[in-house]
Amino acid sequence: MDKHKILLVEDEPDLAAVLIDYLLRDGFDAALEGDGTAALARLRQTPPDLLLLDLMLPGLDGLSILRELRKASDLPVILVTAKVEEIDRLIGLELGADDYVCKPYSPREVLARVKAVLRRTTARAQPPAPATPPLIEIDAEGWQATIQGQRLTLTPKEFQLLRVLTARPGRVYSRGQLLDAIYEDTLDVNERAVDSHMKNLRKKLAQAQPERELIRSIYGVGFVFEP
Ligand code: CA
């Protein structure tokens, strides 16, 4: 199999060097671009298999690059930001990033994310196998969910969380977004409520499908459904 091509767009040379080194050692074909405008031109000319995109860049910032890119491409993108608080806003913008990494990061963590996103997006690119029933079926009107034909016994909040997450596999939801989705009035509840319902939901899913983690918690960000 060919090496996966990763383009890192990062204007801090020291950070970039460490990450490129990690990617190369792990067998990726990694390239670096330090300027936003040059990065966009390069992306159009020779698209990589995955883009690691810093937000604050000279030339063109990361968000503008992503916005331009998404007009014509569903290239996997992992955004890199210096602020955890930024992530909620970024998710809100629905720019279609596949994952988010916060600075300071460990190169190992970035590598793990890169591999996870590539796994997910490679699976997405393959045609679906015929006659495979969906893993999870949601009956929104009957408030029932089944996993491979097996009925899940969920509370209404757990059901709502599952419904929201499964509607967009691979999309990362923040606690705040999930809270808004499952409570009509969020004044008296806080994001811990999401954690508690989520914990129970994940436990039930793990009982039904012990061999895989269907809902993944992303530290500092939120949750994602990855079938
Ligand atoms: Ca930067």
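Residues numbered from 1 in each chain as written. Predicted model: local features only at pLDDT ≥ 70, side-chain atom pairs only at ≥ 80, totals over all residues. Heavy atoms only, no water.

### Quick word on the side chain of T81
Among the structural elements, T81 can be located in strand β4 (residues 77–81). On the accessibility criterion, T81 (2% relative accessible area) is buried. In contact with T81, not counting residues within four places along its chain, are L55, E86, I87, L90, V101, C102 and K103. (Helix = DSSP H or I, 4+ residues; strand = E, 2+ residues; numbered from the N terminus. Buried < 20%, exposed > 50% of the residue type's maximum accessible area, 1.4 Å probe, protein only. Contact = heavy atoms within 4.5 Å.)

### Details of the sheet that holds β4
One open sheet holds the five strands; their spatial order is β2-β1-β3-β4-β5, and the pairing between them is parallel. For this open sheet the edge positions go to β2 (29–33) and β5 (99–102), each flanked by a neighbour on one side alone. Averaged over all neighbouring strand pairs, the angle between strand axes comes to 20 degrees, with direction disregarded. As paired elements, strand β3 (residues 50–54) and β4 share four bridges and run parallel to each other. Looking at the pairing, L53 lines up with L79 of β4. Lying over the sheet, helix α1 (residues 13–25) contacts β1 (5–9), β2 and β3, oriented at roughly 165 degrees with respect to β2. Here helix α2 (residues 36–45) sits on the sheet and contacts β1, β2 and β3; the angle it forms with β2, its principal contact strand, is near 140 degrees. (Pairing = 2+ DSSP bridges. Axes fitted to C-alpha atoms, helices over the stretch in contact; angles between N-to-C directions.)

### Quick look at the sheet that holds strand β6 (residues 136–139)
With respect to topology, three strands assemble into an open sheet ordered β6-β7-β8, the strand pairing being antiparallel. Both edges of this open sheet fall to β6 and β8 (150–152), since each of them pairs with a single strand only. Between one strand axis and the next, the sheet turns by 30 degrees as a mean value, whatever way the strands run. Looking at chain direction, β6 and strand β7 (residues 144–147) are connected through four bridges and run antiparallel. The residue bridging I136 from the neighbouring strand is I147, located in β7.

### Quick look at the packing of aromatic side chains
Across all of its chains, the model carries one aromatic pair by this definition. Geometrically, the ring pair formed by W143 and F159 is tilted, given 5.2 Å between the ring centres and 35 degrees between the ring planes. Of this pair, W143 sits in the loop between β6 and β7 while F159 is found in helix α6 (residues 156–167), placing the two residues 16 residues apart along the sequence. In this structure F159 comes out as buried when scored by relative accessible area, which is 2%. Across the ring face of Y183, the terminal group of K157 is positioned such that the distance to the ring centre comes to 4.3 Å. (Phe/Tyr/Trp six-rings, centres within 6.5 Å; stacked < 30°, edge-to-face > 60°. Lys NZ or Arg CZ within 6 Å of the ring centre and 35° of its normal.)

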